[in-house]
Amino acid sequence: MLTQIFSNKNSEQGNSGTRENLFKMQTLIVTALLGLMSIAFFHYNQMNIQNHIKLLFAPFLSVVPLLFILTILKDLKKGFKEEAYTRQDIVKYSMLALIIAVVFIGVTHLLNQLDALEILIAAVIAILSGVLFVKSRVRGLLGMSLITGIAEGIIVFMIFLF
Amino acid sequence: MKLQKINIVFLLIGVLSFMVFGFLVAHQYAQLKSSRDVIKTFASILFPIPIGLFARCMILNGKNHQGTMSMNGSDIRRAVWLLLSASILMMLTAACIEILRGEKLEEFPVVLHLINSSLVNAYFVNEMTSKNFKVMGILSGLIIGLASYIFFL
């Protein structure tokens, strides 16, 4: 996977295989960023656990619906195309990524205002399960632009506003 | 990945960028007051990587990765002009940032990290997808402009 991402030769799997691997890499980066963000907020905002039983149930809020949706839903997109994307597609998906990035700057700003750890954990796990849903069911340039938007929103908030 | 297939300029740019990262972190180390600065630095290094992956995913085409321009005189002249104008543009931009912020550029390494890692990432993406000489000229010009601004002015 890493060889395919960093080499400039066409692999035997073709373009769609390389795109698939780039998509997986992007998902890993987003997961790492979410972890980093929650650690940073926990460190700086002096969060404390207000209700221990809520901490136990926080992950279930989003994991259970995710599993349910994953079992009943088929793939929304059938993977990446083999040939090149058109200019119109590129502009459209870049705009989509930009909009999602702006939205996620706002979401991260809201998360920064929290002071209870259990709400932060619930929110982060909700975003993570959304990412997982996109990764497994919306495989395609649409999913790639969504995940890029999430990553960029978090990073821009971390650089300029945090 | 076979090592001999990589362009030597590409390798050099990579090594240089990592040296700049190392230098900036070492330079910044004394000024780090809290781990908030560490997080900001880390985020500014990481900033262009998702954009780079996204761009590569979109631009990737089925053709062989040959240069898109032929090696004749007018194309080379155009690439050199692009390089020169991009380096001058970068110096002007750096001067503008300094005037706007009212302090030296070395005082806020986050901006330097951002510019450096974005440029290097764009270079990598161009190298891996289309190998367009014009884009390569512009990016090399921007890197040269930043380096010479820091070095001479």
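None of the values given here were measured: they were computed from a predicted structure. (Residues numbered from 1 in each chain as written. Chains lettered and ligands numbered in written order. Predicted model: local features only at pLDDT ≥ 70, side-chain atom pairs only at ≥ 80, totals over all residues.)

**Some points on the overall build of chain A**
Here is step 1: Of the regular secondary structure elements, chain A holds seven helices and zero strands.
Here is step 2: Overall, the C-alpha framework of chain A stretches about 55 × 40 × 30 Å when taken along its three principal axes.
Here is step 3: Of all 162 residues assigned to chain A, the portion counted as buried reaches 30%.
Here is step 4: When contacts within chain A are restricted to residue pairs at least 6 apart in sequence, long-range pairs at least 24 apart make up 85% of them. (Helix = DSSP H or I, 4+ residues; strand = E, 2+ residues; numbered from the N terminus. Buried ≥ 20, exposed ≤ 12 C-beta atoms within 10 Å, placed from the backbone. Contact = placed C-beta atoms within 7 Å.)

**Overview of the overall build of chain B**
Here is step 1: Looking only at helices and strands, one finds six helices and zero strands in chain B.
Here is step 2: When the 153 residues of chain B are sorted by exposure, 29% land in the buried category.
Here is step 3: A separation of at least 24 residues holds for 82% of the contacts in chain B among residues at least 6 apart in sequence.

**A closer look at helix H4 (residues 60-72) of chain A**
Here is step 1: Relative to the 18 Å expected for 13 residues at 1.5 Å per residue, H4(A) spans 18 Å between its end C-alpha atoms, a close match to the ideal helical length.
Here is step 2: Little of H4(A) is tucked away, with one of its 13 residues classed as buried. (Expected span 1.5 Å × (residues − 1).)

**Section: the environment of A:Leu117**
Residues and elements named next belong to chain A.
Here is step 1: As for its placement among the helices and strands, Leu 117 is situated in helix H6 (residues 117-137).
Here is step 2: Overall, Leu 117 belongs to the buried group, with 20 C-beta atoms counted inside 10 Å.
Here is step 3: Residues Leu 117 and Lys 54, 63 residues apart in the sequence, show an inter-C-alpha distance of 9.7 Å.
Here is step 4: In contact with Leu 117, not counting residues within four places along its chain, are Phe 42, Met 47, Asn 48, Ile 49 and Leu 55.

**A few points about the interface of chain A and chain B**
Here is step 1: Listed as interface residues are 32 residues of chain A and, on the opposing side, 24 residues of chain B.
Here is step 2: Those elements that provide at least two residues to the side of chain A that touches chain B are helix H1 (2-6), helix H2 (14-44), helix H5 (87-113) and helix H7 (141-161) of chain A.
Here is step 3: A total of ten residues in the side of chain A that touches chain B trace back to one element, the largest contributor, which is H2(A).
Here is step 4: Tallied by class, the residues present in the side of chain A that touches chain B amount to 19 nonpolar, eight polar and five charged. (Nonpolar A, V, L, I, M, F, W, Y, C, P; charged D, E, K, R; others polar.)

**Structural notes on the packing of helix H3 (residues 48-59) of chain B against helix H5 (residues 109-128) of chain B**
All names here are of chain B.
Here is step 1: With their axes 9 Å apart at the nearest point, H3 and H5 run at an angle of 20° to one another. Viewed along their axes, H3 and H5 adopt a mutual orientation that is roughly parallel. As for how H3 packs across H5, the hand of that crossing is right-handed. Between H3, through Pro 48, Ile 49, Gly 52, Ala 55 and Arg 56, and H5, the contact on the second element is made entirely by Ser 117, Ser 118, Asn 121, Phe 124, Val 125 and Met 128.
Here is step 2: A class-by-class count of the residues in the contact of H3 with H5 yields six nonpolar, four polar and one charged. (Axes fitted to C-alpha atoms, helices over the stretch in contact; angles between N-to-C directions. Parallel < 35°, antiparallel > 145°, perpendicular 65-115°, else oblique. Left-handed = near helix turned anticlockwise from the far one by under 90°.)

**With respect to the nonpolar core**
All names here are of chain A.
Here is step 1: Grouped together as the largest cluster of nonpolar side chains are 58 residues, with contacts concentrated most on Ile 150, Ile 154 and Ile 155.
Here is step 2: Per-element tally for this core: the top contributor is H7, with eleven residues.
Here is step 3: With residues up to four places along the chain from it excluded, the contact list for Ile 150 reads Val 30, Ile 100, Phe 104 and Val 131. (Core = buried A, V, L, I, M, F, W, Y, C linked by C-beta atoms within 7 Å.)

**Description of the packing of helix H4 (residues 73-101) of chain B against helix H6 (residues 133-152) of chain B**
Residue and element names in this part refer to chain B.
Here is step 1: Two elements in contact, H4 and H6, have axes whose closest approach is 7 Å; the angle formed by their N-to-C orientations is 35°. Handedness of the crossing formed by H4 with H6: right-handed.
Here is step 2: Here the contact of H4 with H6 is built from residues that sort into 16 nonpolar, seven polar and two charged.

**Focus: the environment of A:Leu120**
Here is step 1: Tracing the sequence through the fold places A:Leu120 in helix H6.
Here is step 2: Setting aside residues no more than four positions away along its own chain, A:Leu120 makes contact with A:Ser38, A:Phe41, A:Met47, A:Leu111 and A:Leu114.

**A look at the confidence of the model for chain B**
Close inspection of predicted coordinates is inappropriate for parts of the model with low pLDDT.
Residues and elements named next belong to chain B.
Here is step 1: Looking at chain B as a whole, the pLDDT averages 78, with 84% of positions reaching at least 70.
Here is step 2: Confidence, expressed as mean pLDDT per element, reaches its minimum in chain B at helix H1 (residues 8-29) with 76 and its maximum at H3 with 86.
Here is step 3: Under the prediction, the complex receives an ipTM of 0.83, its pTM being 0.81. (pLDDT = per-residue confidence, 0-100.)

**Here we look at helix H2 (residues 35-46) of chain B**
All names here are of chain B.
Here is step 1: Taking 1.5 Å as the rise per residue, H2 with twelve residues should run 16 Å; its terminal C-alpha atoms sit 16 Å apart, in good agreement.
Here is step 2: By the burial criterion, the buried members of H2 are Lys 40, Ala 43, Ser 44 and Leu 46. Along the axis of H2, the buried residues cluster in a sector spanning 160°; they form a single face. (Arc of directions from axis to C-beta.)

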